[in-house]
Amino acid sequence: MDPSAPKYFTIIDYVIFALLLVASMCIGLYYAFTGGRQSTTREFLFADRSMKCLPLSLSLMATFQSAVAVIGTPAEVYTNGTQYWFIGCSYILGLLIPAHIFIPVFYRLHLTSVYQYLELRFCKAVRICGTVTFIFQMVIYVGVGIYTPALALNAVTGFHLWGAVLATGLVCTLYTTLGGLKAVVWTDVFQTVVMFTGQLAVIIVGVQQAGGLSETWVKVRDGGRISGFDLNPDPTVRHTFWTLGVGGVFLMLSLYGVNQAQVQRYLSSRTEKEAVMSCYMVFPCLQVALMLSCLMGLVMYACYGNNSPLEQQYITSKDQMVLYFVMDMLQNFPGLPGLFVACLFSASLSTISSALNSLATVTIMDLIKPHYSMTEARATRISKMLAVSYGIICLAMAYVVHLMKSSVLQAALSIFGMVGGPLLGLFCLGIFFPCANSIGAVIGLAAGLLIAFWVGIGGFLSRMSSSVVPPFNSTYTVAAGPDNITITAVTALIDAARPVGLHGFYSLSYMWYSALNSSTVVIIGLIVSFMTGRTKGDDVASGTVYPVMRTARSLLYKLVEPSACCTSSPQHKIDGHKEINGNVKEDAGTQEETETFLPSNPVSHVEQETSV
Ligand SMILES: O=C(O)CCCC[C@@H]1SC[C@@H]2NC(=O)N[C@@H]21
Ligand code: NA
């Protein structure tokens, strides 16, 4: 069989792929005609705030596990080894901080959109800036998410590119519009099961084709694909333990801490405890997803070695490698290629549906409702129309992505870093620095976005221009074997060409974008706040600041005085929260200080803190 010929699906493959779309549509229809029949925004956008932590945790994981991870991560591991796996270390802090800082603050404010927080803490202008930035980020990200699987599928199986894009986009938009957040969460659960099953099937068959587990291990180890701890502190090295383990924390905080798609899931939990639990339960799900993607890259290497289909010119981009591998390996297992393609589109659908639902939410809640009073029914109808409109916009965005040529994994993570980073900085400025004021917030956000695009675009262009340096300045894994002399020579050449000065700034690893941009927003935001008259502690809206110092003191106190921990903590009076659309929330009453060390009404401690 000529390996360069495109592989074709058998009829059973198409059936499995069609079944996935039909099943997703049925879940959407089910939630369109049961329960409250999606007639209120509370149901359409927040699932009646009744969600339990298990489906939520799978949905939280699925939202940012798109075809990009299913295709891009194995290609990354195949090319550069398992260094990328260290991003898993960033999931610890990347989920603990959202669980114990962001969720308590956002949950107790009874927010509808996470950007409502920005108006409570700063002013309406900051809220609008945050909302628009989020919309910009998610529309581009969804464009990548829709286009990625269609491109890979088209390249390897001849499946019509825009047919796949339209099928994905339309089915997804339909069930999201019909079934609201309940449908999005439950299709995420179903699609995650399909995604994991597909990946596992390919790994098992791949290991068999490579000659068994021990044979696979020997090949990847001798091929230098098992990376150790690369503790190189050089921030321009693309993947090291620091860029992934530390830079990854900021990336995770921008996604699982302050991204509307995730915060909306926390807010749709029945109780704050369920929300915190769902955040904790994301950790094992993410580790499994990361493990499956990395293992697939290793199995691909065990099967192809260094003469990859890319070098054989069977495919044109490394993002097509996974699908080529699947069609190559599973050709004799009718139905499995269809299962893997269903896995790929499941990853995509679960991300696109979450994004469309969150885009509709912030648009209606942040941009429309505050300016026009309307009935619940009308607001829900507009939300559904918005979901459809964003579906169409994202299909157009897929075409724009078609025009750009970049590794999809790096493209997606760069978008998160360039746009998600400044948003993370904006929320950190508000939550951790009571002295920050609105002018500081707006100018800080602008500075963060400016730096982000300067480094991001500059880095992209400088990589394109200097042909000597490879597509991204990665440290080559020195391949053992006859050609290692060549590789060493090339590495020496790269080091010689390594950019210095401003050029060095441009070649910052994309994994540091989130950290750099969020820090820029905080630093500039604080400087401008001090220059323009910092906010006094008691001017800060109740519940919008996390008392870092007080929590640290109470943690220290519990450590030093173990006997103190069994006495009941002092009662705290909760005063009413002024909700944004005017009606004051009745919160009067007293409440035990919760074990998350965040007092039920954090601002009172800020007053104490700032007044001390
Ligand atoms: O798959 C995607 O859509 C984007 C690539 C993964 C996004 C980041 S990587 C760290 C975190 N872990 C995940 O599984 N997704 C996010
Ligand atoms: Na997904």
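Conventions and cut-offs
- Residue positions are given per chain, counting from 1 as you read along its sequence in written order.
- Ligands are numbered from 1 and chains lettered from A, in the order in which they are written.
- Only residues with pLDDT of at least 70 are given local features in this predicted model, and only at 80 or more are side-chain atom pairs given and counted; all residues enter the totals for whole chains, interfaces and linings.
- Calculated side-chain values reflect all of the structure's heavy atoms, with hydrogen atoms and water omitted.
- Lining residues are those with an atom within 4 Å of a point, where the points come from a 1 Å grid over the protein atoms alone and group into cavities, where a 1.4 Å probe fits but cannot get out, or pockets, open sets with protein on both sides within 12 Å along at least five of seven lines.
- Grid points are joined across faces, edges and corners, and a volume is the space filled by probe spheres set on the points.
- The secondary structure listing takes helices from DSSP runs of H or I that are at least 4 residues long and strands from runs of E that are at least 2 residues long, numbered from the N terminus.
- Near, as used in this document, describes a residue that has one of its heavy atoms within 4 Å of the molecule or strand being considered.
- N or O atoms within 3.5 Å of each other form a polar contact, as long as, within protein, one can give a hydrogen and the other can take it, and as long as residues adjacent in sequence are counted only when both atoms are side-chain atoms.
- Note on areas: Shrake-Rupley with a 1.4 Å probe; residue coverage comes only from the protein chains shown.
- Each molecule is checked against the cavity or pocket grid, and it sits inside if more than half of its atoms lie within 2 Å of the grid points.
- Keep in mind that water is not among the atoms, so a site may look incomplete; donors are the N, O and S atoms within 2.8 Å of the metal, or 3.2 Å for Na, K and Ca.
- The classification of residues rests on relative accessible area computed with a 1.4 Å probe and restricted to protein chains. Under 20% of the type maximum is buried, over 50% is exposed, and intermediate values are partly exposed.
- Here the axes come from fitting lines to C-alpha atoms, over the contacting stretch only for helices, and the angles between their N-to-C directions go from 0 to 180 degrees.
- Relative orientations are named as follows: roughly parallel for angles under 35 degrees, roughly antiparallel for angles over 145 degrees, roughly perpendicular for angles from 65 to 115 degrees, and oblique for any other angle.
- In this scheme the handedness of a crossing depends on how the near helix is turned from the far one: anticlockwise by less than a right angle means left-handed, clockwise means right-handed.
- Residues count as neighbours in contact if any of their non-hydrogen atoms are within 4.5 Å of one another.
- Here the nonpolar group is Ala, Val, Leu, Ile, Met, Phe, Trp, Tyr, Cys and Pro; Asp, Glu, Lys and Arg are the charged ones; every other residue, Gly included, is treated as polar.
- A helix is expected to span 1.5 Å multiplied by its residue count minus one.
- Salt-bridge detection follows one rule: a side-chain nitrogen of Lys or Arg within 4 Å of a carboxyl oxygen of Asp or Glu.
- Joining through side-chain atoms within 4.5 Å is the link that ties buried Ala, Val, Leu, Ile, Met, Phe, Trp, Tyr and Cys residues into a set, and such a set is a nonpolar core.
- Along the chain, pLDDT gives the predictor's confidence residue by residue, from 0 to 100.
- In this scheme, patches are assembled from residues that exceed 30% relative accessible area and form no salt bridge. Like charges are connected within 9 Å, while nonpolar side chains (Val, Leu, Ile, Met, Phe, Trp, Tyr) are connected within 5 Å.
- A pair of aromatic rings is counted whenever rings of Phe, Tyr or Trp (Trp by its six-membered ring) have centres within 6.5 Å, and the orientation is called stacked for planes under 30 degrees apart, edge-to-face for over 60 and tilted otherwise.
- Any Lys NZ or Arg CZ found within 6 Å of a ring centre and within 35 degrees of that ring's normal is scored as a charge over the ring.

(A) How the structure looks around empty space enclosed by the protein. With the rule as written, the count across this model stands at three cavities of 30 Å³ or more. Within this model, the largest cavity holds a volume of roughly 290 Å³. Going through the elements one at a time, α4 (67–80), α5 (90–108), α11 (247–257), α13 (272–304) and α17 (408–432) are the ones with two or more residues in the lining of the largest cavity. The element contributing the most residues to the lining of the largest cavity is α11, with five residues.

(B) Structural context of the site of ligand 1. Close to ligand 1 lie 16 residues; F64, Q65, S66, Y91 and Y141 are nearest. Backbone polar atom of F64 to a nitrogen atom of ligand 1: 2.6 Å apart, as the coordinates give it. When isolated, ligand 1 has an accessible area of 390 Å², and the protein chains bury 99% of it. Taken atom by atom, the bulk of ligand 1 overlaps the largest cavity. Those elements that place two or more of their residues in the shell around ligand 1 are α4, α11 and α17.

(C) Here's a closer look at unusual backbone geometry. Unlike most non-glycine residues, R37 shows phi in positive territory, near 55 degrees. Tracing the sequence through the fold places R37 in the loop between α1 (11–32) and α2 (41–46).

(D) Layout of the coordination of the sodium ion (ligand 2). Taken together, A62 (O), Q65 (O), A347 (O), S350 (OG) and T351 (OG1) make up the protein donors of the sodium ion (ligand 2), found 2.3 to 2.4 Å from the metal. Sequence spacing of the donors to the sodium ion (ligand 2): A-x2-Q-x281-A-x2-S-T. Here the residue Q65 occupies a position in the loop between α3 (53–63) and α4, and S350 occupies one in helix α15 (residues 336–368), the gap between them amounting to 285 residues. For the pair Q65 and S350, a shared accessibility class is recorded, and that class is buried.

(E) Broad picture of the environment of A411. Mapped onto the fold, A411 is located in helix α17. For the pair formed by A411 and Y141, sequence separation is 270 residues and the distance between their alpha carbons is 8.7 Å.

(F) Focus on the environment of A125. Mapped onto the secondary structure, A125 falls in helix α7 (residues 124–157). For the pair A125 and A347, spaced 222 residues apart in the sequence, the C-alpha separation amounts to 35 Å.

(G) Main features of the packing of α3 against helix α8 (residues 161–209). Taken N-terminus to C-terminus, the directions of α3 and α8 make an angle of 70 degrees; their axes are 8 Å apart at the nearest point. The angle between α3 and α8 places the two elements in the roughly perpendicular class. Here the hand of the crossing between α3 and α8 comes out left-handed. Contact residues: P55, L56, L58, S59, M61, A62 and T63 in α3; V185, W186, D188, V189, T192, M195 and F196 in α8. Here the residues of the contact of α3 with α8 sort into ten nonpolar, three polar and one charged.

(H) Region of the structure containing α15. Its 33 residues give α15 an end-to-end C-alpha distance of 46 Å, which sits within 8% of 48 Å, the value for a rise of 1.5 Å per residue. Judged by how many residues are buried, α15 sits mostly within the fold: 31 of 33 residues are covered.

(I) Region of interest: the pattern of salt bridges. All told, the structure shown has eleven salt bridges when counted by the stated rule. The salt bridge involving E43 is made with K182; its shortest N-O contact spans 3.0 Å. With E43 in helix α2 and K182 in helix α8, this residue pair connects regions lying 139 residues apart in the sequence. A relative accessible area of 2% places E43 in the buried class. One salt bridge in this structure joins D366 and R127, with 2.7 Å as the shortest N-O distance. With D366 in helix α15 and R127 in helix α7, this pair connects stretches of sequence that are 239 residues apart. For the pair D366 and R127, one class covers both residues: buried.

(J) Layout of the nonpolar core. Formed by 167 residues in total, the largest nonpolar core has its most connected members in F106, Y117, Y256 and F340. Sequence-distant contacts of Y256, defined by excluding residues within four places in its chain, comprise L60, M61, F64, G94, L95, P98, Q262, Y266, V282 and L286. Membership of the second largest hydrophobic core comes to five residues, among which are M51, L56, L181 and V185.

(K) View of the confidence of the model for the protein. Mean pLDDT for the protein: 83, with 84% of residues reaching 70 or above. Mean pLDDT values over the elements of the protein span from 34, in strand β1 (residues 572–574), up to 96, in α5. Between residues 467–484, whose pLDDT stays under 50, and residues either more than four places distant or in other chains, the model counts 35 contacts. For the stretch residues 567–612, pLDDT sits under 50, and the model shows 88 contacts to residues farther than four places along the chain or on other chains.

(L) Molecular detail of the side chain of N437. Inspection of the secondary structure puts N437 in the loop between α17 and α18 (438–465). A distance of 2.8 Å separates the side chain of N437 from the side chain of T532, its partner in a polar contact. When near neighbours in sequence (up to four residues on either side) are disregarded, N437 contacts F122, S529, T532, G533, R534 and T535.

(M) Expanded view of the packing of α5 against α11. Interhelical geometry of α5 versus α11 gives an angle of 35 degrees and a closest axis separation of 8 Å. Pair α5 / α11 crosses with right-handed handedness. Between α5 and α11, the contacting residues are S90, Y91, L93, G94, L95, I97, P98, F102 and F106 on the first element and G248, V249, M252, L253, Y256 and G257 on the second. When its residues are assigned to classes, the contact of α5 with α11 shows eleven nonpolar, four polar and no charged.

(N) Representation of a nonpolar patch on the surface. A cluster of nonpolar side chains, contributed by I11, I12, Y14, V15 and L19, occupies part of the molecular surface with about 480 Å² of accessible area. Residue position: V15 is located in helix α1. Given the relative accessible area of 42%, V15 is considered partly exposed.

(O) Structural detail: the packing of aromatic side chains. On inspection of all chains with the given rule, the structure shows 25 aromatic pairs. A centroid spacing of 5.8 Å and a plane angle of 80 degrees characterise the contact between Y304 and F325, whose relative ring orientation is edge-to-face. Of this pair, Y304 sits in helix α13 while F325 sits in helix α14 (residues 321–330), placing them 21 residues apart in sequence. The class of Y304 is buried, set by a relative accessible area of 11%. An aromatic cluster is defined as three or more aromatic residues linked by ring pairs; in this entry it consists of F102, F106, Y115, Y117, F134, F427, F432 and Y546. Positioned over the ring face of F46 is R49, at 4.6 Å from the centre of the ring.

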